[in-house]
Amino acid sequence: MSEYIHYVTDSTFENEVLQSPTPVLVDYWAEWCGPCRMIAPFLDDLAKDYVGKLKIAKINIDENQETPARYGIRNIPTLMLFKDGNVAATTVGALSKSHLTSFIDSNLQA
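Residues numbered from 1 in each chain as written. Predicted model: local features only at pLDDT ≥ 70, side-chain atom pairs only at ≥ 80, totals over all residues. Heavy atoms only, no water.

1. Regarding the state of the cysteines
What counts, and what does not: In what follows, a disulfide is any cysteine sulfur pair within 2.5 Å. The rule is simple: take the accessible area with a 1.4 Å probe, protein chains only, and divide by the maximum for that residue type; under 20% is buried, over 50% is exposed, in between is partly exposed.
Under the counting rule described, the total for this entry stands at one disulfide. Two residues share a disulfide in this structure: Cys33 and Cys36, whose sulfurs sit 2.3 Å from each other. In this structure, the disulfide formed by Cys33 and Cys36 twists by about 80° around the S-S bond and is classed as right-handed. Looking at Cys36, the relative accessible area reads 2%, which means it is buried.

2. A look at the side chain of Asp10
This is how it is decided: A run of H or I in DSSP counts as a helix once it spans at least four residues, and a run of E counts as a strand once it spans at least two, with each numbered from the N terminus. Charge counting follows a simple rule: Lys and Arg are positive, Asp and Glu are negative, and His as well as the terminal groups are ignored. Salt bridge, as applied in this entry: a Lys or Arg side-chain nitrogen positioned within 4 Å of an Asp or Glu carboxyl oxygen. Side-chain atoms alone can form a polar contact between residues adjacent in sequence; in general such a contact is a pair of N or O atoms within 3.5 Å, and within protein one must be able to donate a hydrogen while the other accepts it. Contacts are assigned to residue pairs with any non-hydrogen atoms lying within 4.5 Å of each other.
Position of Asp10 relative to the elements: it lies in the loop between strand E1 (5-7) and helix H1 (13-18). Buried and without a salt bridge, Asp10 has Arg70 as its closest oppositely charged side chain, separated by 6.0 Å. A polar contact of 3.3 Å, which involves the side chain of Asp10, links it to the backbone nitrogen of Gln65. In this structure the side chain of Asp10 is engaged in a polar contact, spanning 3.1 Å, whose partner is the backbone nitrogen of Glu66. Each residue touching Asp10, except ones within four places of it in the same chain, is listed here: Ile59, Asn64, Gln65, Glu66, Thr67 and Pro68.

By themselves, these are just geometric observations and shouldn't be taken as functional.
In structure tokens, the structure reads:
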């Protein structure tokens, strides 16, 4: 577990993500998901690289079912970038670190 990753729940999602003054990349994941585990180290690295510009949050879909249902999560890993409480971009599936960086950079600028 990285000190830079924020673990959110259904009850903390509003405060941690929707009301965040900083854009938030939310990783919808589960313990049993191989691709989720594959991208976890990339997210840890990116959380350090983007300190102050982007918050990276993870929500376990098995332990928190209300939020994934609200956002129509059907496959994991799903990454959603929230800006000012709204979904700005979404990507589904495991991405390489370079693709994750490109996804973040292109959507932070937009």
